Every structure is written in structure tokens, then in C-alpha cells.
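Below are the chains, spelled out letter by letter.
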Amino acid sequence: MIVRSKPGVWDVAFAVNGSILPRIAPHLVAIALISLLAVLAAMEHPGIFARISAIPFTLIGIALSVFMSFRNSACYARWWEGRELWGKLIIACRSFARQTSTLDDDDRRVLLRGLCGFCFGLTARLRGGDELAAIKPWSDGGIASSVPNPTSALLSQIGTHCLILMKRGRIDPIHYAVLEGQLTALSDVQGGCERIASTPVPFAYSLLLHRTALIFCVTLPFALAGSLDWWTLLPVLLVAYTFFGLDALGHELEAPFGLEPNALPLDAMGRAIEREMLSLLGERDLPAPLEPCHNVLM
Amino acid sequence: MIVRSKPGVWDVAFAVNGSILPRIAPHLVAIALISLLAVLAAMEHPGIFARISAIPFTLIGIALSVFMSFRNSACYARWWEGRELWGKLIIACRSFARQTSTLDDDDRRVLLRGLCGFCFGLTARLRGGDELAAIKPWSDGGIASSVPNPTSALLSQIGTHCLILMKRGRIDPIHYAVLEGQLTALSDVQGGCERIASTPVPFAYSLLLHRTALIFCVTLPFALAGSLDWWTLLPVLLVAYTFFGLDALGHELEAPFGLEPNALPLDAMGRAIEREMLSLLGERDLPAPLEPCHNVLM
Amino acid sequence: MIVRSKPGVWDVAFAVNGSILPRIAPHLVAIALISLLAVLAAMEHPGIFARISAIPFTLIGIALSVFMSFRNSACYARWWEGRELWGKLIIACRSFARQTSTLDDDDRRVLLRGLCGFCFGLTARLRGGDELAAIKPWSDGGIASSVPNPTSALLSQIGTHCLILMKRGRIDPIHYAVLEGQLTALSDVQGGCERIASTPVPFAYSLLLHRTALIFCVTLPFALAGSLDWWTLLPVLLVAYTFFGLDALGHELEAPFGLEPNALPLDAMGRAIEREMLSLLGERDLPAPLEPCHNVLM
Amino acid sequence: MIVRSKPGVWDVAFAVNGSILPRIAPHLVAIALISLLAVLAAMEHPGIFARISAIPFTLIGIALSVFMSFRNSACYARWWEGRELWGKLIIACRSFARQTSTLDDDDRRVLLRGLCGFCFGLTARLRGGDELAAIKPWSDGGIASSVPNPTSALLSQIGTHCLILMKRGRIDPIHYAVLEGQLTALSDVQGGCERIASTPVPFAYSLLLHRTALIFCVTLPFALAGSLDWWTLLPVLLVAYTFFGLDALGHELEAPFGLEPNALPLDAMGRAIEREMLSLLGERDLPAPLEPCHNVLM
Amino acid sequence: MIVRSKPGVWDVAFAVNGSILPRIAPHLVAIALISLLAVLAAMEHPGIFARISAIPFTLIGIALSVFMSFRNSACYARWWEGRELWGKLIIACRSFARQTSTLDDDDRRVLLRGLCGFCFGLTARLRGGDELAAIKPWSDGGIASSVPNPTSALLSQIGTHCLILMKRGRIDPIHYAVLEGQLTALSDVQGGCERIASTPVPFAYSLLLHRTALIFCVTLPFALAGSLDWWTLLPVLLVAYTFFGLDALGHELEAPFGLEPNALPLDAMGRAIEREMLSLLGERDLPAPLEPCHNVLM
């Protein structure tokens, strides 16, 4: 996640870090070259270009805006839902910790350390890392490497621990139901994150909008060159910057658990949970919270 | 579901697999022929065509964009809700498995295998397959063929099993309520999926937008031919590609449980549940996860 | 609900059944006549009409599209929420049946038949039918005719039956709470349906959009007649078809429990619940599911 | 709430009652006068007006439509959420009544009459009436006048009554939890209603849109007068009617608990609850349901 | 939060307090100067300016409206969700108080004062204040200064108190579960508020729209100066006022817990909770509710 304050005048003019500009720069250069070509052609054959009307471009441009806005809404909703799920994860961990505050220290240590392992395992799972390695430091029993879903298996271990506490009469059945409610919330989080990570916006959608935006930006200079001469560059680049920029940004937000600058800071949130859980277990020597690096918090 | 990475330059230019292009190709060819006709006619009778103004087309085109965007949002929301329901199914199965981890192996086997049968029965029900055959391998008791809703009947069997466990004192009433909570979640999933599958977007809506888009694309070349000559083809085909493409895509997303390329991968998700359930029952010899075939995951 | 497959080329051209066309035909004829008048007037007095600019119509037309799209979204959301509520009704009935599977046959019969009565009573209530008559065949005790809300009173009887089962120790208090959870879901459904049925989209909204659309379509031919001659008819009728059609469709969806072709199939859903409940009670002689009649499922 | 059937041709042409027209009539008259001025000025100095282009007005008009549509969606969502909250209130009262059907008549009378008092107290609170006076007839114990929130205090009394029933063993703890669930729903309703009533859409938003719409409508005639002469009045008034009408309607819907014609019928809903509760307590002499007066239901 | 009644004619014309105008005044002055420059240049070199077409500006302007509307929706949704969360906080405090009404006075005092401390601690946390100092007057035990999240730790203390009451048999396990349900709601509120406060709308989005709006407003006068002369100022300033105003307003709403005039009145809501809790504890000498100061409620 990019951590910057509200952009000031200076940022608006020159900010590169945190901008989508570097990513779409090649496209913009290509469009600029095509515009130059169009202007030169218009100077050679003014007759042909005078007849090209800008009206169909207005029509296509507006249609493209409407549909691209729809795709951006969908991508932003995925990104924000990802953040909501991790917020729910933080809440469930805190609530579980609060509801186990009168358990024996040993039991509580196993359970809360398990929650930390769940967070780090989920991060590794969502980012394609090594789940077993991420979980290992936090789980005493360990997870067999043949298990198809180690993070879920760890949650199962925590649940079994709670069931055993109930069976031995150490906690009331109602108390078990309350704790299990938080574990179900954690399952919801995992299932929701896997859903977002494994199900992109339909490919045909992205492709259709990509293609339309590309053809639109490539042909626009030919429509304007006849009347605007060298001024053609300005509106064409502004349009290309907006459309390509929103398209690229949509792609980044579509996969909120990745490693791109606009992705969610899973590592930082995992560390925050680790700090809170360890503090509740009485540890004084907490790891430091993660800080953004070059304005990007991972 | 089409499984492809972010489209690169090459894909944008030439990707056919995963594109909506093959489906709307006949329409595009027809529109191209009509455009040719319009251009030829405009060359014959330039007087008539000079008077046709493009302004009413701007108006209709924008109105069409706005309404088509609304229909696309509704169809995409159905598709995404379908995916959310199946995510909920996965979560409920995992939670149910976690909450039964201290039961006898025999009871647990019956229950978890029942969940697998529920998933495959639901898939068959949603895709018009043979529910009874899909359920049979997973259910010991079997389901009578006269039952109107076999998948729901299987869930009922699982619920009755839990009730009996409570009656015999093997599980606490609270524990029963916790388990039944997951079964209710599974009922929610089935009811939600049936709702989406049985209730399309109102037919009159689709028809109205279809007709307007068709008349618009058929008449557009006549409005542009007067001023654009052979260039007419470019904006007309771009508009037709965008409108027909979004319309066709909306139709695919409207029915998210079908067998079209953009439908949800029910088989793959069912297999994932099967693998997790069997692994929890201690089976080592798990079936392999389904892989996409020609970029399509079923 | 109109039950038709995806409209093919033939349907797009000629489908009347399921289309909104018959309903708005008088308006279209009127607009066509006004257009003829405008064209004739423009031929008589070309000077006046040449000065009428189409630009204010573009502005008004786009504003109208945006606001009409908003109203359509609101109406569609009501229709879809109505369907969601009935889906919830089906789910609650199934879950209640599953949770009572170990009760005595007599008790279960009373309860499940009560659920059927609830469905039919709710249908009658929402469609202005005779609630008491619809409930009577399913309720042993009967409902007093002076009761302000018979459907809710029937649900109260079912709830009281459950309370008595708990008081007599036939079911555990937790089991009672689980059953009552489904009855609360049924109350939610009834309350939600009554909310949609009794609270239309604000009248002033519908009136404002109606008026603007009407004035727009009536004046549009005068703006176009000067430049388009007899071609005026085509864009005017296309615009009128789209705006009047969406307006009429919005009105049908606004009241999803009515008897119009696009209303929800309450009868068919009630029959489906009846079939499932009777099957669970062991009845073999189930009523047949309702079939669509002239493509319309009631 | 305005209670009228779907507007027919006659209503569209002449309906005043239930229309937003009376409220914005002064604005429309002012705009008409300004238009006359513009037309007269354009006749005097045709040279100046010929140069004023309508294109910036198209741009501003479309931007204004988009933003006003957004504000209207937000206001309508508030209005509809208000209705949903009152629907939830009705559902919670019915469910609470159902769940107390086996209590002693005296206890039940106190509880259900308390619910009626809660409804009337909430109405008074939301409409700025006298809460204590509204509650008094329904509460035996009475509420001290120094209490900051009498409606919430009444709910607290009902909750305490339930707690005492549990303490005395008259109801099971689970039964208490079920009843308390409905009281929490009633707290949700009160909190939600207070939130809507106390937090308007940000003032700066309304002001910005107001100002832009006003300047737009005041300057539009000057842009059109040059080319349209006396016809200027028609599009200007249509635009002003649409924009001012939607703006005024947004304001009415923004405060759904007020006393304006489009506000929610809190009195009628309170009476409906009163009738159902009294009927369940065995009273035969129920107050009549409220009827709309001049098409307005309060 | 700005507390003003519906803006009247006077407000629309002259209101500064509560308007976004002061904040964007420097931008408007700069745009006005650029417009003057453009007009002067157009008078010097009319030939060049005559060729600049306004059509690309229409296209960009509409695209910008659509995307800015999307960003405004997202920001408003954050602001409104912030308000919903604080509404949930108020509801949970009231419900918790109602559910503890039969506890000993001492226990209840500790618990309800803890809730007040939670509210003030959360306010301090969200506004960057001193959490420990805000909590201290309300918590007997105190919170260690080394704790990473003091507000959450206070909630944990309340939860532990409830657990101990259950362990000592002073409340039933079910009663504990009911109380813990409210504490989980409070955890939800804290987690939700932290999510909104720590996760802004992606920076690249704001930057892209900022830049496009700026370039658009800076170049617009050059497009209009050729045909509008000194009238150029009017549409340019109106467009700049609308776009910059909505942009600035979006920024204020994006961070709903800040100290800007449009932020949510956390202090006033905290005081309202304090008054209700103290009143329930029998205190007569309640602090006065907070009043708006210069139309702004903090």
C-alpha cells in the first residue's frame, strides 16, 4: 500500500513514486509517436483529414468511460473487500484473545500462537509463498506436508484444542460455542481471501476494454490532427493517460494480495496481530511494527 | 472460468481463446456488410446522406451505454454472488469438519462424505445433471428417487445424524446448535444458487437492450457514411464490437453455473472440497486437483 | 416471471410475448403521429425549423438517461430483493424441516403443514387475495377472522407449538432456540415482503421522470425534422421505444409480487415448498410442479 | 408517504398533489423571467449572442447530471434504509410477541405494551415530539424526566423485566437470550434511525450542487437565446424542472422521518404494530388503521 | 460535521462557512488568471485559437465526471461507514447496559465506565491523541503504557471481568455469551474504524484524477477563448468550481475521523454515550451535550 499524505501542488506536478505513470509510460510514448505520424500525415494530405469527424469518437469515448468506470468499481470493490477481510481477521484474533483471558497460560499460549501462525500461513498462501515454513515457528504439533491446505489445517488444530478443553470440562459448552464463533470468522476470512485471489474479473471483460481503449487511443490522433495540428498531442496524451492509467490501476487493485505497490500491506497487518497477541501473552520484547519503505508498506 | 494472466500486448492484439470475439463474429460480419452497403449508397446519392446528422446517434449511443452498463453490473453481480455462495460452501464444509474433529471416526466419515455428496449433488442440480447419480457414491443410505430435491434430502440426512448424536448424548445440545449452524449455511448456499439459476434478469430487459443495440449498430453506418467514406467501417466495427461484446458477455455471466467458458469452475471447487475432506479423514491417496484445459477451468 | 431462453435473432426481430412492446404501443403510435406532424410542418416552414438546434436535446437526453438508469436500478433492486426474500423463505422451510426430523410424526406434521400455510397465506396477502381462505386447509386450529394479520398469527401458532414442546421437555431449550431462529427468518421474509409491497418508489420521482421523458419525446421530432425529413421517424421511435420501454419495465419490476408477466412466480415457489414439505412427511402423491403458461410462470 | 397508483396520462399532464412542482414553482418562474430577458437581449444585440457556444453547457450539464444522480442515490438510500429499519422494528415486535406467547398474561401485557410505547416514543424522538408524553400511556413504571434518552430507557425496562423473569426461573436462560436478541434488534433500529436523523448528507455537497445547478440554469438561456428565440423557454424550463425537481426531491428523501409528503408513514406503521400487539393480548376493540389523507399517509 | 439547515436562497448565494469555497479559492484564482491570459492571447492571435475545437474537451470532461463520481462515491461510502460504525458503538453500549441491569452496582459501574473509556480511547486513537490519558479517568486498573493497543486492552479487561463473573456463578454462561456478543460488536467497531483510518483510497487514484482535473481546467480556457471572449471566464470558473470542489470534498470525506469541518462529530457522540451510561448508573449531574461551534460539531 502506498502511504503518502494528500497530494500537494508539487506532487500533482511531479510525483512519480506512487504514481501509475512509470507503468504506462511505454504506451504513452507509443501513442505520442502515432500522434506525430498523424499530424505529419494531416499536413501532407489535409483534404482527407478534414472529413474525419470527431463525433463518433465522442460517442465511443463516453461509452468507454462508462464501461471502464464499471470495471474500476468492480476492481476497487475487490481491493476493499480484501481489506475488510483482513480487518475481520484482526477483530477475530482480538476477540478470541479476550475470550480466552481466563484460560491456563499454557493453553492460551498454544491458541494465540496458533492464531499468529494462521495469519502468516494465510499471507504465504495468498502470495504464493511457503505456507508450511510460515506456519512452522508458531505451531508445536506441526502440519503434515501432504495436507492440501495447511493454513486451514492449523485452524482445525486450534478448533480441536478448544473441543478437547470442553470435553475435559475446562470450559463450558457455551464458552466453546463463543470461541468457535471466532474460528468460523477466521474460516470466513480465509475462504473470502481465496475467493478473491483465485477468481479474477472475467478475462473477456478485461480484454474487451483493453482492446477498445487501445484502438480508441490509436485512432484518436487521426480524428483530431486535421483541426488541431500540433495541439493534437495534448488531448490525445491526456486521454491516453487517463484511460491507460485507470486500466492499469484496475489491474493492480484486482489482485489485492499481490506484491505490487498498491496491494494490501499483509506483512504489516500480520506484524500488528503478532505484536498484540505476544503482548497479551505477557511478552515484553515485541518486534517493531513494519514501516513503509519508499512510501510503500508491504 | 478462463484462467489467463493479465493480457499483454500480444494478447490484446490476437487473443481469441478466452475472448468473446468468436461468439459475436457473425454479427460483426453482418454489420461490416451493411456498412459497405451504406458507403456505396452514400457514393451514389451523396445528397441524401449529407443531411443525416450524427447527433441523434450520439444521444442514443450514450443512453445505450448507460443502460447496458446497468445490465452488465446486474449480470456481473449475479456471477460474483454465485462465486461468493460457493466460497461460503467451502467455508461451511471446513468449519463443519473442524467442529466434528473429536467425533468417532465412523460418524465423522459419514458426515464429511455426506458434505462431498452435497457439493457434487448441487453441481449436478445446477448444471442439469443427474443428482441421484452424483450423490450415490457418497451416501450410504441412499436417496429415494421420488424425492423432489435429492441434494436437500441429503443435507437433511446429515442433519438427522447430528440430531441423533445429540439425542444419544454423544454431543452436547450446544454442540449440535453449532453444527446445525453450518448446515443452515449450506442450505443458504443451495437456496441462493437455485435462486440465481432459476431467476434470470427479466427477459424484457435483455430484449429491449438487444433490440436497441441492434437497430443502433445497423443504422449507424448510414449516419457516418456521408462524411467518412470508407473510414466508416472503423468506428462502426469498434462500436459494434464493444456493444455486442458486452451484451454477449453479460449473457454468459448472467448464468454463472453453466458450462460456458466464463462460468464458475464448480467441478474444480468440488474437487478441492473433496481433497480437503478426504485428507481430514486420513486418506493419503487424494485425487489430483483439476487443471485448466485450453485456459478454461470447469 | 417470463421464462424464455436467450433471445435469438428471430426473437430480437419479432418477439412480442414477453416484450414490453404491447404495453407501450399506444405511446409509440402517438409519438409517430407527432413526428409526422413535425415533418409536415418542417416542409411547410423550413425557415423556422432550420434554427432549432439539437444540442439542448442531447443535454436533456443524457440527463434523462442518467436519472432513468438510477430509477431502473432502484426498481430492479426491489424485484431482486423480493426474490431473495422468497429464497430465504424456501431455505428457512427446509432448515426447519431438517431440524425437526426427529420429532414425533404428529408434531412434525402440524409444524410443516403450518409452514405451507404460511407460504400460501403470504402469497394471498401480497397479491390482495383472501389470506384466511389460503391458510385454512393447512391449519388445524384455524385463525380468527378478526385478527389483523392472519399470516403472522399462523407463524405465532407454530412458535407457540415449539414453546410448548420445550416446556414439556420434548425438545431441549437450545433446540427451541435453533427452531425459533428459522421462525425469525420467516418473520424477516414476511416483514421484508410487506415493506416492498407497501412502499413504492416515491411517487414524485416516477412522475418527474415520466413527465420529462414525455415532453422530451414529444418535442424531439421538432428538433430533428428540419434536417432529417422522413428519417426523423427512425431515431425518434428508437428513443421513444427505449425510454418508454425502460420506464414501463421499471414500473413492472417496482411491484415484484403482482400479477404482471415480469412479477415473481410466487405460486410456483409456493408449490415447490409444498412438494418438499409433503415429501418429507412421507406423502407419495405430490402435486405436480407448476409449469409456465404462454412463457409466463406465475 | 404519497399513496397513488401508477401515474396515468392524466396524472402525468396535470397531477399537482404528490408532485414536486409546487415546491419549485418560484424557481421556475424566476428562470422563465430570466429566459425572457435573455431572448429580448438577444433580439437587441444578435451579434454578441451568436458567438456564445452551447458546447460548454453540454459539458457542465452532463457533469451536473452525473453528480446529481450520485446525490440522489445517496438520499434515496437513506430513505429506503429508514424504511428497512422500521420494517425491522415491525419484525422484531412480532417475533418478540411470538416468543413470549407462553408467558403469564400479566408479564406479557407489560412487555408487549412496552413495545408499543417504544414505537411511539421513537416516532416522537425522530419527529421532535414529546417522547415522555408518547411513552407514558404504555408504561406502568414511567420514565424519569431527567433521563437523556427516554425511548432507550423504556427498552431497558423491558430488558430488565426479562432478566428478572430469568432470575426467578420463569424462563430458561436460553429463552432469555432469544428474547434479548429481539431487544438488540430494536436497539439497532433506534440507533440506525438516530444516525439517519442526526447525520445529513454533508452540507458542502448539497451547497455545491445547488450552486452549480442554479448558475447553470440561470446562464443556460443566454447560451440558447441566440439560436432558439422564443423556443428558448421550452428546453430551459424542462432542464430547470428536472434539475430543481430532483434537487428538491433529494432534500425530501434525505430526511425520511420528517413531516413532508414524501417522508415515511411512521404514524401508520406505529398504529399497525399497536393493532397487532393489542390483538395478541386478546383485545377485541382495536383502533382503526390510519388512512391516507389527500393521498398522503403520515 | 457541519450542522446547518437546508440552504436557502441566501446561503446558496453567499454561504462561506460550511462551503468548500475557501479551500479551493487559490486554485480558482489561478484558473481565472490563466483564463485572462488565454483571452488576451486569443485577441492577439485569433487565427490560432479559431482552430481549437471544444470537442476533445467535451470527451475528456465527461470521462472526468464519470471517474470523479466514482471516487466521490467511494469517499462518501467511507464517511458513511464511519458513521455506521459509531452508530453500532452507541447501540452496543446501550445493549450492554441493558443486559447488565441486574448486576451489582459495583460490577456494573466498572463495566459501564469501561465502555465510556473505550469510546474516548477510540476517539484519541483515531485522531492521533493520547489514548492512555483518554482512558485513564475511566479505568480503575489502568493500562500499562507498553501495550501496543490500549483501547483494545481496555476492552479485554471488560471481557475478563465478565468471564470472572461467569466463573464465580454470578451470571449464567448464556448470559456471558450475550454480553460477549456486545463486546465483539465493539471490537468490530474498533477494527472497522482502524481500517478506514489506516487505508486511504489508493494514492494513485487520487493522483490520477487530480492531475487530469488540473490539466483539464488549465487548458479549457484556451479551447473556449477563441469563441467566447471575456465570457470564457464564466464556464471555466463554473467547471473549475465543480471539479475542484468535488475533489476537495472527496478528500475531506475520505478521512471521516479527522478534525476537518466535514469530519464526523466523535466528541459529541462520545459525550452522548457518556451521558446515557452515567444516567443509567444513577448519576444526576450529567455533563451537558456538546453544541456546534460556528456551525461545526466536533
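Every value quoted in this text rests on a predicted model; they were computed, and no experiment measured them.

Draft legend 1. Here's a closer look at the interface of chain B and chain C. Taken together, the contact pairs 62 residues of chain B with 68 residues of chain C. Summed over the shared surface of chain B and chain C, the result is 3 salt bridges. Between Arg98 of chain C and Glu180 of chain B there is a salt bridge, and its shortest N-O distance comes to 2.5 Å. Taken together, chain B and chain C are joined by 12 residue pairs in polar contact (both at pLDDT 80 or more).

Draft legend 2. Geometry of the environment of Ser73 of chain D. By the element assignment, Ser73 of chain D lies in helix H4 (residues 55-99). Sequence-wise, Ser73 of chain D and Gly250 of chain D are 177 residues apart; in three dimensions their C-alpha atoms are separated by 8.5 Å.

Draft legend 3. Structural detail: the domain arrangement of chain A. Residues and elements named next belong to chain A. Domains assigned within chain A are domain 1 (23-52 + 203-254) and domain 2 (57-200 + 264-283). If you look at the interface, domain 1 gives 16 residues, while domain 2 gives 16 residues. A combined buried area of about 1,600 Å² lies between domain 1 and domain 2, and 73% of that area is made up of carbon and sulfur atoms. Looking only at domain 1, the three residues that lose the most surface to domain 2 are Leu209, Leu253 and Glu254, adding up to 40% of its buried area. Counting every contact that joins domain 1 to domain 2 gives 2 salt bridges. Among the salt bridges present, the one from Arg71 reaches Glu254, with a minimum N-O distance of 3.5 Å. Our count for the domain 1 to domain 2 interface comes out at 3 residue pairs in polar contact (both at pLDDT 80 or more). Looking at the side of domain 1 that touches domain 2, the elements with two or more residues in it are helix H9 (203-228) and helix H10 (233-254). No other element matches the 9 residues that H9 contributes to the side of domain 1 that touches domain 2.

Draft legend 4. View of the packing of H9 of chain A against H10 of chain A. All names here are of chain A. Running from N to C, H9 and H10 point in directions that differ by 170°, and their axes come no closer than 9 Å. Between H9 and H10, the angle falls in the class roughly antiparallel. Taken together, the residues of H10 that come into contact with H9 (itself represented by Ser206, His210, Ala213, Leu214, Phe216, Cys217, Leu220, Pro221, Leu224 and Leu228) are Pro235, Val236, Val239, Ala240, Phe243, Phe244, Asp247 and His251. The class makeup of the residues in the contact of H9 with H10 is 14 nonpolar, 3 polar and 1 charged.

Draft legend 5. Main features of the relation of the copies chain B and chain C. You can overlay chain B on chain C at an RMSD of 0.0 Å; the transform is a turn of 72° with a shift of 0.0 Å along its axis. As the rotation angle and translation indicate, the two copies are arranged about a five-fold axis. Taken as a fraction of all interface residues of chain B, those also at the interface in chain C reach only 6%, which identifies the copy contact as different-surface.

Draft legend 6. Spotlight on unusual backbone geometry. Phi is positive for His294 of chain B, which is not a glycine, with a value near 55°. For His294 of chain B, the position within the fold is in the segment after helix H11 (266-280).

Draft legend 7. Quick peek at the pattern of salt bridges. Residue and element names in this part refer to chain A. Within the structure shown, the criterion is met by 80 salt bridges over all chains. In this structure, the salt-bridge partner of Arg271 is Glu274, at a minimum N-O distance of 3.6 Å. A residue pair is termed a helical-turn pair when its members lie 3 or 4 positions apart in one helix, as Arg271 and Glu274 do in helix H11 (residues 266-280) at 3 residues. A relative accessible area of 23% means that Arg271 is categorised as partly exposed.

Scoring rules and cut-offs
Residues numbered from 1 in each chain as written. Chains lettered and ligands numbered in written order. Predicted model: local features only at pLDDT ≥ 70, side-chain atom pairs only at ≥ 80, totals over all residues. Heavy atoms only, no water. Contact = heavy atoms within 4.5 Å. Salt bridge = Lys/Arg side-chain N within 4 Å of Asp/Glu carboxyl O. Polar contact = N/O pair within 3.5 Å; in protein donor to acceptor, adjacent residues only side chain to side chain. Helix = DSSP H or I, 4+ residues; strand = E, 2+ residues; numbered from the N terminus. Domains from an automatic or database assignment. Buried area = accessible area lost by both parts, 1.4 Å probe. Axes fitted to C-alpha atoms, helices over the stretch in contact; angles between N-to-C directions. Parallel < 35°, antiparallel > 145°, perpendicular 65-115°, else oblique. Nonpolar A, V, L, I, M, F, W, Y, C, P; charged D, E, K, R; others polar. Least-squares fit on C-alpha atoms with pLDDT ≥ 70 in both. Buried < 20%, exposed > 50% of the residue type's maximum accessible area, 1.4 Å probe, protein only.

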